[in-house]
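The residues making up each chain are set out below.
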Amino acid sequence: MKLSELFAKDTPTLSFEVFPPKTSDLFDSVEAAALEIAALSPDYMSVTYGAGGGRSRFTVDIAKNIEQAGHTTALAHLTCVSSTKEDVREKLLELKEAGIENILALRGDIPKEGSYPVRKDYKYASQLITEIAEFGGFCIGGACYPEGHIEAGSLDEDIANIGLKVEAGCKFLTTQMFFSNDILYSYIDKLHKKGIFVPVVAGIMPITNTKQIFRSCELSGTVLPKRFIKIAERYGDNPAAMKQAGIAYATEQIIDLYANGIKNVHVYSMNKPDVARTIKNNLSEIIKG
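Overview of the structure. (Residues numbered from 1 in each chain as written. Predicted model: local features only at pLDDT ≥ 70, side-chain atom pairs only at ≥ 80, totals over all residues. Heavy atoms only, no water.)

### Brief notes about the overall build of the protein chain
Here's step 1: Within the protein chain one finds 11 helices and 8 strands.
Here's step 2: Computed over its C-alpha atoms, the radius of gyration of the protein chain comes to 18 Å, within 12% of the 19 Å expected for a compact globule of 289 residues.
Here's step 3: Considering only C-alpha atoms, the protein chain reaches an extent of 50 × 45 × 45 Å along its principal axes.
Here's step 4: Scored against the burial criterion, the 289 residues of the protein chain give a buried share of 52%. (Helix = DSSP H or I, 4+ residues; strand = E, 2+ residues; numbered from the N terminus. Rg over C-alpha atoms; globule rule 2.2 N^0.38 Å. Buried < 20%, exposed > 50% of the residue type's maximum accessible area, 1.4 Å probe, protein only.)

Laid out in structure tokens, this is it:
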């Protein structure tokens, strides 16, 4: 199913993200985790694309297995910062052959010097979206940033770039993680004022590792509310307690989003079936539609 068809329905959706292994010897364990999450019957699952495209083969294989063995719609990530146009066309052919109909088109993070090459064929995600749209056959999604992309001069400048993605063929947007729903509500209002009305999928990150999230937020510019910081300070040194608190915080966010008319939620479940299962169970009556 193309996700544009799913988002056109007037029912809440809940989806999960998995990421490919760094090495082939870990493939079986990651695939098992992905299929365990698929067994929860999410509305779809996304599969990320390794830095530099080095794990792109795994992305295709896991997405294909989610579709075929997991009986779940897959959304394959595709980045272009390290790709030539020939690379992208080859990957599109692989995805088409694998039966994947949905792509999240991303520029990708600019790497540290020497970690992997940066090509010059694509400078922006909008250029990749144009390429995929011209290839045809895919429902294309893009990323958006409720607090503004860290490289953008302002939020208005970043929203203008989102408009370019939509003009190029982007049919929906998935947000970077955020921890205050008011930030998203304000952001969507700004998108609408600029004439951008494609579905926005709220990306929610259940925090189970506080050290990792503080570093990630520092790099991405994501603001942590005082309420969350207090939770992290209180429970961060107790992994079991932090996991429970992090899942509870994420669940509360999701309930509030649904209650305020945000009907599409995507959980960055970090290949953890137990986290995905707990969140879905917490929402069992709410997502019945």
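Next comes the rest of the description.
### With respect to the nonpolar core
Here's step 1: Core analysis: the biggest nonpolar cluster contains 63 residues, and Ile132, Leu173 and Leu184 have the highest contact counts within it.
Here's step 2: Once residues lying within four places of it in the same chain are set aside, the contact partners of leucine 184 are Pro146, Thr175, Phe178, Val200, Ala202, Leu257 and Ile262.
Here's step 3: The next biggest cluster of nonpolar side chains, apart from the first, holds 14 residues, and it includes Met205, Ile213, Ile231 and Ala232. (Core = buried A, V, L, I, M, F, W, Y, C linked by side-chain atoms within 4.5 Å. Contact = heavy atoms within 4.5 Å.)

### Considerations on the packing of helix 7 (residues 181-193) against helix 10 (residues 239-259)
Here's step 1: One can describe the packing of helix 7 onto helix 10 by two numbers: an axis separation of 10 Å at closest approach and a directional angle of 35°. Once helix 7 is placed against helix 10, the crossing between them reads as right-handed. Across the interface between the two elements, Asn181, Leu184 and Tyr185 from helix 7 touch Gln253, Asp256 and Leu257 from helix 10.
Here's step 2: Residues that form the contact of helix 7 with helix 10 fall into these classes: 3 nonpolar, 2 polar and 1 charged. (Axes fitted to C-alpha atoms, helices over the stretch in contact; angles between N-to-C directions. Left-handed = near helix turned anticlockwise from the far one by under 90°. Nonpolar A, V, L, I, M, F, W, Y, C, P; charged D, E, K, R; others polar.)

### Side note on the packing of aromatic side chains
Here's step 1: Counting across every chain of the model gives 6 aromatic pairs.
Here's step 2: Aromatic pair phenylalanine 7 and tyrosine 44: ring centres 6.0 Å apart, planes at 75°, arrangement edge-to-face. Residue phenylalanine 7 is located in helix 1 (residues 3-7), and its partner tyrosine 44 is located in the loop between helix 2 (27-38) and strand 2 (45-47); the two are separated by 37 residues in the primary sequence.
Here's step 3: Using a relative accessible area of 0% as the deciding quantity, one classes tyrosine 44 as buried.
Here's step 4: An aromatic cluster is built from Phe7, Tyr44 and Phe172, whose rings are joined through pairwise contacts. (Phe/Tyr/Trp six-rings, centres within 6.5 Å; stacked < 30°, edge-to-face > 60°.)

### Here's the deal with unusual backbone geometry
Here's step 1: One non-glycine residue, histidine 71, lies in positive phi territory at about 55°.
Here's step 2: Examined against the element boundaries, histidine 71 turns out to sit in the loop between helix 3 (56-68) and strand 3 (74-79).
Here's step 3: At asparagine 271, a position not held by glycine, the phi torsion is positive, near 60°.
Here's step 4: Tracing the sequence through the fold places asparagine 271 in the loop between strand 8 (264-267) and helix 11 (273-282).
Here's step 5: Residue asparagine 271 is classed as buried on the basis of its relative accessible area of 14%.

### Some remarks on the sheet that holds strand 8
In any sheet, the strands associate via hydrogen bonds between backbone groups, in a parallel or an antiparallel arrangement.
Here's step 1: Strand order in the closed barrel made by the 8 strands is 1-2-3-4-5-6-7-8, with parallel pairing throughout. Averaged over all adjacent pairs, the angle separating strand axes in this sheet is 30°, with direction ignored.
Here's step 2: Across 4 bridges, the pairing between strand 5 (residues 139-144) and strand 6 (residues 172-175) is parallel. Within the sheet, the bridge partner assigned to glycine 141 lies in strand 6 and is phenylalanine 172.
Here's step 3: Against the sheet, helix 3 makes contact with strand 1 (13-18), strand 2 and strand 3, and its axis sits at roughly 170° relative to strand 3, the strand it touches most.
Here's step 4: Each of strand 3 and strand 4 (102-106) is contacted by helix 4 (residues 85-97), which is oriented at about 170° to strand 3, the strand it contacts most. (Pairing = 2+ DSSP bridges.)

### Some remarks on helix 9 (residues 226-235)
Here's step 1: Turning to helix 9, its buried residues number three or more, namely Phe228, Ile231 and Ala232. Looking down the long axis of helix 9, one finds its buried residues gathered within 95° of arc, a one-sided arrangement. What points out from helix 9, more than 90 degrees from its buried face, is the exposed set Lys226, Lys230, Glu233 and Arg234. (Arc of directions from axis to C-beta.)

### Here we look at the pairing of strand 5
Here's step 1: With 6 of 6 residues buried, strand 5 is to be regarded as a mostly interior element.
Here's step 2: As paired elements, strand 4 and strand 5 share 4 bridges and run parallel to each other. Residue alanine 105 lies in a different strand from strand 5, and its bridge partner there is glycine 142.
Here's step 3: The β-α-β motif built from strand 5, the intervening helix 6 (residues 155-168) and the parallel element strand 6 has right-handed crossover chirality. (Right-handed = clockwise from strand over helix to strand, strands pointing away.)

### Looking at the environment of glycine 261
Here's step 1: Mapped onto the elements, glycine 261 comes out in the loop between helix 10 and strand 8.
Here's step 2: Along the backbone, glycine 261 and alanine 74 are 187 residues apart, and their C-alpha atoms lie at a distance of 24 Å.

### Digging into the packing of helix 9 against helix 10
Here's step 1: Running from N to C, helix 9 and helix 10 cross one another at 165°; their axes reach a closest spacing of 9 Å. Taken together, the axes of helix 9 and helix 10 lie roughly antiparallel to each other. Of the two elements, helix 9 crosses helix 10, and the hand of that crossing is right-handed. In this structure, helix 9 uses Arg227, Phe228, Ile231, Ala232 and Tyr235 to contact helix 10, whose residues at the interface are Ala241, Met242, Ala245, Tyr249 and Glu252.
Here's step 2: A breakdown of the residues in the contact of helix 9 with helix 10 according to their chemical character gives 8 nonpolar, no polar and 2 charged. (Parallel < 35°, antiparallel > 145°, perpendicular 65-115°, else oblique.)

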